[in-house]
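Residues per chain, in single letters:
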Amino acid sequence: MDHEFEETSGPTAEEQTSVNTKPPATIFVLYAGFWIRFWAYVIDLIVVGSLHRIFVYPVLRWLDISIIETSMLSTVAISTAVVMYAYFIIMTKLLGQTLGKMVFGLKVIDENKEKLSWDTVIFRELIGKFISKTAFFLGFITIGFSSKKKGWHDYFGDTLVIQERKGVPI
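Calculation notes
Residues numbered from 1 in each chain as written. Predicted model: local features only at pLDDT ≥ 70, side-chain atom pairs only at ≥ 80, totals over all residues. Heavy atoms only, no water. Helix = DSSP H or I, 4+ residues; strand = E, 2+ residues; numbered from the N terminus. Expected span 1.5 Å × (residues − 1). Bend = angle between axes of the 7 residues up to and from the residue. Buried < 20%, exposed > 50% of the residue type's maximum accessible area, 1.4 Å probe, protein only. Contact = heavy atoms within 4.5 Å. Phe/Tyr/Trp six-rings, centres within 6.5 Å; stacked < 30°, edge-to-face > 60°.

1. Some points on helix 2 (residues 34-62)
Now for step 1: For helix 2, spanning 29 residues, the distance from its first C-alpha to its last is 41 Å, which sits close to the expected 42 Å at 1.5 Å a residue.
Now for step 2: Along helix 2, the sharpest change in direction is near 35° and occurs at Val-56; proline Pro-58 comes one to four residues later.
Now for step 3: Inspection of helix 2 places Ile-36, Arg-37, Ala-40, Asp-44, Val-47, Val-48, Gly-49, His-52, Val-56, Tyr-57 and Leu-60 among the buried residues, and these make up the whole buried set.
Now for step 4: Those residues of helix 2 that are buried lie in contact with helix 3 (75-95), helix 4 (99-104), strand 3 (106-110), helix 5 (118-134), helix 7 (152-157) and strand 4 (159-163).
Now for step 5: Phi for Asp-64, located one or two positions after helix 2, is positive at around 60°.

Dropping the structure here:
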């Protein structure tokens, strides 16, 4: 199965004994598996490519900088990386999801149920994903085998990716 459920309960036994306390509520969290996250990432790559071609290419042409150079340290390659990492960091921090994740109803949450901090998001999106990609994409493949569907970048950032639409968000 591609998803796991986590069950948490409401008030403690002591809290239940008070007159005004409701019985514990059960919250189900549906972890987002490898394939749904893969397709969300594909959509994000299309968005990043479009943003780059709409906003960055005209500036590079205006500055008479080649956009067809293919070396890893070319201006176009560096600007692509900057746009890509900025997109993922800003969208994840401000909304908890990128456009690709929005399409599939996915959301990045802190494993400790706290608000995502800039440090967490930057460490997850920049450093964690860089390491996951550099190591022959093994960091992403672990999503399919982890009990909580976590990639290396999720472990580095102490984050989870959940399906909002099918589970109840925390």
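2. So, the packing of aromatic side chains
Now for step 1: Tallied over the full model, the rule gives nine aromatic pairs.
Now for step 2: The interplanar angle of 85° and the centroid separation of 4.9 Å between the aromatic rings of Phe-34 and Trp-35 together place this pair among those described as edge-to-face.
Now for step 3: Phe-34 sits in the partly exposed class, given a relative accessible area of 22%.
Now for step 4: An angle of 20° between the planes, with centres 6.2 Å apart, marks the rings of Phe-34 and Phe-38 as stacked. Taken together, the residues span about one helical turn, with Phe-34 and Phe-38 both in helix 2 at a distance of four residues.
Now for step 5: By relative accessible area, Phe-38 is classed as partly exposed at 33%.
Now for step 6: Three or more aromatic residues link up through ring pairs in this structure, and these residues are Tyr-41, Tyr-87, Phe-88, Phe-137 and Phe-140.

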